[in-house]
4 protein chains.
Amino acid sequence: MSERTRPPVRSDIAWSNAERIVIRGHDLVDDLLGKVDLGDFGFLELFHRLPDESESTVFNAMLVSLAEHGLTPNALAARLTYLGAPESLQGAVAAGLLGLGTTFVGTIEGTARMLQEAPAQETWRSDQAALQQVATRIAEEFVAARRPVPGIGHPIHKPVDPRAERLFGLARDNGLDDSYERLLRAIQAVAQDRLDRELPINVTGAIGSISTTMGLRWQVSRGLGVMARAVGLVGHILEELDQPIAQTVQYDAEKRAVAHMVEGDSHG
Amino acid sequence: MSERTRPPVRSDIAWSNAERIVIRGHDLVDDLLGKVDLGDFGFLELFHRLPDESESTVFNAMLVSLAEHGLTPNALAARLTYLGAPESLQGAVAAGLLGLGTTFVGTIEGTARMLQEAPAQETWRSDQAALQQVATRIAEEFVAARRPVPGIGHPIHKPVDPRAERLFGLARDNGLDDSYERLLRAIQAVAQDRLDRELPINVTGAIGSISTTMGLRWQVSRGLGVMARAVGLVGHILEELDQPIAQTVQYDAEKRAVAHMVEGDSHG
Amino acid sequence: MSERTRPPVRSDIAWSNAERIVIRGHDLVDDLLGKVDLGDFGFLELFHRLPDESESTVFNAMLVSLAEHGLTPNALAARLTYLGAPESLQGAVAAGLLGLGTTFVGTIEGTARMLQEAPAQETWRSDQAALQQVATRIAEEFVAARRPVPGIGHPIHKPVDPRAERLFGLARDNGLDDSYERLLRAIQAVAQDRLDRELPINVTGAIGSISTTMGLRWQVSRGLGVMARAVGLVGHILEELDQPIAQTVQYDAEKRAVAHMVEGDSHG
Amino acid sequence: MSERTRPPVRSDIAWSNAERIVIRGHDLVDDLLGKVDLGDFGFLELFHRLPDESESTVFNAMLVSLAEHGLTPNALAARLTYLGAPESLQGAVAAGLLGLGTTFVGTIEGTARMLQEAPAQETWRSDQAALQQVATRIAEEFVAARRPVPGIGHPIHKPVDPRAERLFGLARDNGLDDSYERLLRAIQAVAQDRLDRELPINVTGAIGSISTTMGLRWQVSRGLGVMARAVGLVGHILEELDQPIAQTVQYDAEKRAVAHMVEGDSHG
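Fair warning: this is a prediction, and the values are worked out from it, not measured in the lab.

What counts and how
- Residues numbered from 1 in each chain as written.
- Chains lettered and ligands numbered in written order.
- Predicted model: local features only at pLDDT ≥ 70, side-chain atom pairs only at ≥ 80, totals over all residues.
- Heavy atoms only, no water.
- Contact = heavy atoms within 4.5 Å.
- Buried area = accessible area lost by both parts, 1.4 Å probe.
- Salt bridge = Lys/Arg side-chain N within 4 Å of Asp/Glu carboxyl O.
- Polar contact = N/O pair within 3.5 Å; in protein donor to acceptor, adjacent residues only side chain to side chain.
- Helix = DSSP H or I, 4+ residues; strand = E, 2+ residues; numbered from the N terminus.
- Nonpolar A, V, L, I, M, F, W, Y, C, P; charged D, E, K, R; others polar.
- Least-squares fit on C-alpha atoms with pLDDT ≥ 70 in both.
- Phe/Tyr/Trp six-rings, centres within 6.5 Å; stacked < 30°, edge-to-face > 60°.
- Buried < 20%, exposed > 50% of the residue type's maximum accessible area, 1.4 Å probe, protein only.
- Domains from an automatic or database assignment.
- Axes fitted to C-alpha atoms, helices over the stretch in contact; angles between N-to-C directions.
- Parallel < 35°, antiparallel > 145°, perpendicular 65-115°, else oblique.
- Pairing = 2+ DSSP bridges.

Visitor: So what's going on with the interface of chain B and chain D? Residues and values would help.
Guide: The parts lose accessible area when they come together, and the size of an interface is often stated as this lost area. Listed by partner, the interface residues are 22 residues for chain B and 22 residues for chain D. Counting each side, the surface lost to burial between chain B and chain D is near 1900 Å², with a carbon and sulfur contribution of 58%. Linking chain B with chain D are zero salt bridges. The tally of links between chain B and chain D comes to five residue pairs in polar contact (both at pLDDT 80 or more). Every element with two or more residues in the side of chain B that touches chain D is listed here: strand 1 (14-16) and helix 13 (246-266) of chain B. If you tally residues by element for the side of chain B that touches chain D, the top one is helix 13 of chain B, at eight residues. Counted by class, the side of chain B that touches chain D contains eleven nonpolar, five polar and six charged residues.

Visitor: A description of the relation of the copies chain A and chain B should follow, citing residues and the corresponding values.
Guide: Both copies of the chain are placed relative to one another by a rotation about an axis and a shift along it. Rotating chain A by 180 degrees about the axis while translating it 0.0 Å along that axis superimposes it on chain B, leaving an RMSD of 0.0 Å. Those values place the two copies in the arrangement expected of a two-fold rotation axis. Of the C-alpha atoms belonging to chain A, the one lying closest to the rotation axis is found on A94(A), 2.3 Å away.

Visitor: Describe the packing of aromatic side chains, with residues and values.
Guide: Any aromatic ring pair is given by two values, namely how distant the centres are and how the planes are angled relative to each other. Tallied over the entire structure, the rule returns 16 aromatic pairs over all chains. Relative to F59(A), the ring of F43(A) lies with its centre 5.4 Å away and its plane at 90 degrees, an arrangement referred to as edge-to-face. In this pair, F43(A) sits in helix 2 (residues 38-47) while F59(A) sits in helix 3 (residues 53-67), placing the two residues 16 residues apart along the sequence. Given the relative accessible area of 1%, F43(A) is considered buried. A residue is classified by how much of its surface remains accessible, and F59(A), at 1% relative accessible area, is buried. For the ring pair F47(B) and F59(B), a centre distance of 6.3 Å and an interplane angle of 80 degrees mean the geometry is edge-to-face. Separated by twelve residues along the polypeptide, F47(B) in helix 2 (residues 38-47) and F59(B) in helix 3 (residues 53-67) bring together distant segments of the chain. One aromatic cluster is present, built from ring pairs that chain together F43(A), F47(A) and F59(A).

Visitor: Got a sec to walk through the interface of chain A and chain B? Specific residues and values, please.
Guide: Contact with chain A, which involves 91 residues of that partner, is made by 92 residues of chain B. Both faces combined, the contact of chain A with chain B buries some 7600 Å², and carbon together with sulfur accounts for 69% of it. Our count for the chain A to chain B interface comes out at four salt bridges. Note that E239(B) is salt-bridged to R24(A), the shortest N-O span being 3.8 Å. If you look at where chain A meets chain B, you find 26 residue pairs in polar contact (both at pLDDT 80 or more).

Visitor: Any chance you could break down unusual backbone geometry for me, citing the residues and the numbers?
Guide: All names here are of chain A. Residues other than glycine seldom take positive phi values, yet R146 does so here, at roughly 55 degrees. On the basis of relative accessible area, R146 is assigned to the exposed category, the value being 77%. The backbone of D196 sits at a positive phi, close to 50 degrees, despite the residue not being glycine. Mapped onto the fold, D196 is located in the loop between helix 10 (179-195) and helix 11 (203-214).

Visitor: Mind laying out the environment of I237(C), listing which residues take part and the relevant values?
Guide: Along the chain, the position of I237(C) falls in helix 12 (residues 222-242). Using a relative accessible area of 0% as the deciding quantity, one classes I237(C) as buried. Setting aside anything within four residues of it in sequence, one finds I237(C) in contact with A78(C), R79(C), Y82(C), L89(C), A92(C), V93(C) and V220(D).

Visitor: I'd like a rundown of the relation of the copies chain B and chain D, residues and numbers included.
Guide: Its rotation angle being 180 degrees, the transformation that places chain B on chain D also includes 0.0 Å of axial translation and leaves an RMSD of 0.0 Å. When you check the interface residues of chain B against chain D, 100% turn up at the interface there too, and the contact is symmetric in its surfaces.

Visitor: Break down the domain arrangement of chain A for me, citing the residues and quoting the values.
Guide: Here chain A is partitioned into domain 1 (14-50) and domain 2 (102-230). Here the C-alpha centroids of domain 1 of chain A and domain 2 of chain A sit 31 Å apart.

Visitor: Pulling in residues and values, what's your account of the packing of helix 9 (residues 162-173) of chain D against helix 10 (residues 179-195) of chain D?
Guide: Residues and elements named next belong to chain D. Remark: helix 9 packs on helix 10, axes separated minimally by 11 Å, with the N-to-C direction vectors making an angle of 150 degrees. With respect to each other, helix 9 and helix 10 are oriented roughly antiparallel. Contacts between helix 9 and helix 10 involve E165, F168 and R172 from the former and E181, L184 and R185 from the latter. Among the residues forming the contact of helix 9 with helix 10, the class breakdown is two nonpolar, no polar and four charged.

Visitor: Help me get a handle on the sheet that holds strand 3 (residues 26-27) of chain A, residues and values and all.
Guide: Strands sit in the order 1-2-3 (chain A) across an open sheet of three strands; the sheet is antiparallel. Because the sheet does not close on itself, it has two edges, and the strands there are strand 1 (14-16) and strand 3 of chain A.

Visitor: Any details on the sheet that holds strand 3 (residues 26-27) of chain B? Residues and values, ideally.
Guide: Pairing is antiparallel in the open sheet, where three strands are placed in the order 1-2-3 (chain B). The outermost strands of the open sheet, each flanked by one partner alone, are strand 1 and strand 3 of chain B.

Visitor: So, the packing of helix 3 (residues 53-67) of chain C against helix 9 (residues 162-173) of chain C: which residues are in play, and what are the values?
Guide: Residues and elements named next belong to chain C. Contact pair helix 3 / helix 9: the axes reach a minimum separation of 9 Å and the direction vectors enclose 170 degrees. Considering their axes alone, helix 3 and helix 9 lie roughly antiparallel with respect to each other. Where helix 3 approaches helix 9, its residues T57, V58, A61, M62 and S65 are matched on the opposing element by R163, L167, L170 and A171. Along the lines of polarity and charge, the residues of the contact of helix 3 with helix 9 split into six nonpolar, two polar and one charged.

Below is the structure:
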């Protein structure tokens, strides 16, 4: 990048002086503390305005649906990290968040991208035949490339992922446009037909769809999972502090993993 | 640790089957989605029950007060990381969170620990002279050891940190016991006197105090900052995507930092 | 994954008992300490055997070429993180490593993948016309897709990246096959011609090529950058401890970034 | 920090222009590539000069002794992270490094600090009685405070940690002063006597001692572990790619951890 084209250093998020902290135009102390919840604040970060009540309900529900899923790989990574560095709770949570990649929350991003790259001419929003055509083309592209269609399929939650259905219901009940939901369901139907398998729309699919309706760019939709899971991971660290399991898990895994070598040696 | 004393692998946070996800006894789909916000969910993670309305207000306010403070060192670290690895939003946020150590949110922990290690016999809660005595002993220990008293002092927000006052006000208005607030203010007064300096109770001091009142162990109080700042950092990544500044900041810093060597060379 | 197909927990890297630690068949104390250097140990990790002298020279040179490049975005991220969490040197280095993504060391991976996905039938290794054909097809695919050809181009080091030329020279001098170097140079020539621009093979291109010759799978070639830069980042933390700059960089960036808002306020 | 006292932005590590990269005064291409190994480069980062042959042997041996110890908690955390984010090898390695805290490599730091804070008047270096006195005072302070003496004790490697003995032997054979080794051994003897337990000097104790002799400040001695383990963790990611175990470990841990709840439900 040449000196000329280098962008200026400018941020519009927040400023402060001795008396005030102002975030996206809202005085933190007078307008936000005691008045908005953490999810609403996340909405403010992403949409640069506070949500109305309906938006708050749906946005918080998306976050809450992602915050906790028990002893997942990332919860386990966080706990193992805490075992080695109990002085750095932030490091343990960071380790857990680092696993929120393409395998898990990346599917929010994949769904959102697939929907956001659907044809710009919007006839499919009002014309069922056009929607069917768009959905078929999208689904068949993934199938032809032998790539999984993002946002559908789940190893456990089938034939439906109850979280997805609940989120779509909340979105509709709160007045959000359902075009992307309909498009995703049409894609799902084609994919199920072509692959001859049960492929429920999963929770990340629903979130990719609803966040697209809300106007969130796919490039940061993974951030919803990051915001939410940070909350859940702190809970895991607290449980690890009270009721530690990381050392036992590690000890058992190690013993099992190297048994073939240690035994070899003990007979050598 | 011998085999015998190794603790069992057990987690009480969540379980799921094909139809349900249950978190601390609450059905995710039926009881939580659409009904609780992300801050309430954080309360559930830390206290194993949902907050009532007052607790929700105060707990969310603590989180919101920590979520965003503009172009801080950790926001900058997150943006610089995103510059190199835009495919890993989670890595950029993790990099930002890693800076939430002793210098910044660690003071929540320090305050909470100081208060939680105050004498167990609770006469100071009801007896002003006892409180004064306890506060004096605590403050003088820090002063004697030339260690900063945690939770007081701020480079910019003085004579008062408006966030701290607002949080204490919310806590009182919502019926929380104010013993720890009174103890912290008494410690502050002694410290200001001994050090002859203006040392406002800062936002992390107020949070260390209020979270102690709520029953949060000091070992995880840093987690409040981690939960909250994860939300803010996603906002910084979104702004970096739309309006990038990391490369300019880095370029300027590097140019300035190595000028003495490059010039030396160019004359060589 | 069904219970049946789940792979066993097995690791072949290392085992230990009270007297010995054995790594890939080598006794750590008797065979490795004092006999191999850290780069050789990295070779052992990746190739499951120790390098001969030639391999050691080339492999270490690749690592050393990546270890340090001054005040890069990742060095700056590490220093900013250390400012907030000086108790966690590991967190600061981790923050720095998190920036080693697609933008920077990811190009090692891109180059390695491009070369490793070149036609399996190996006539191009001995037949100049076949090589030209393969190179043309590869380069034109990238150009047609408007994707940058990995491993070529550099904003500063041109017309040649001296590190790349040195690494290729060392590889040849140490008896490594030069087929992939020739293929990459042919790809470069086509790309320069089609794009009408100077596009030197850069250091990550050379490493992607040489590591492919050595037999390293592209999926982990980014690991060479991670191994190396961890070493350099510790050096930056040491300098930050002795001669801190992070706070000044942050302060200047923040002041500049929010000036338009703070001014607005001061006139309000 | 006031504007006046804010330190200048200056780095002395490296600079580059189109033709050259110069690191601590050495031309990367001409003086380092093909001539120094990765461990030597680490020495250059920490001591601002290249090691002589003896220093290179000892320094590399310290790093190699820390690089790999099988399926440790941090190796497991790295693999679990890779499971979720296979696109970010750097994230998986970073997650692993985040566990290098006080529990494990922090003991290097503890040992180094204990030795570096020993009395500055150096009679103990030449006077056996003074050494005994200093050692007794240090050991008894830890014992009185019920804090573990850093650098001694090991759950598996006893009565001696063979790595520690080998490292001390290499240090002596390569002409390093052995004052700190003697001081640490005297501390160990007192601690064993007072605590009536076998407490071998462990590998991190030896490294804390030798790195102190070399002149490394305790604040960054943890960095030796970080440099080294980054190398080992890349090896674990490669094995995870070829022979994955993270999912099985997680699945087994989760099943075991939540069995008490799921069973409860199935009878409900």
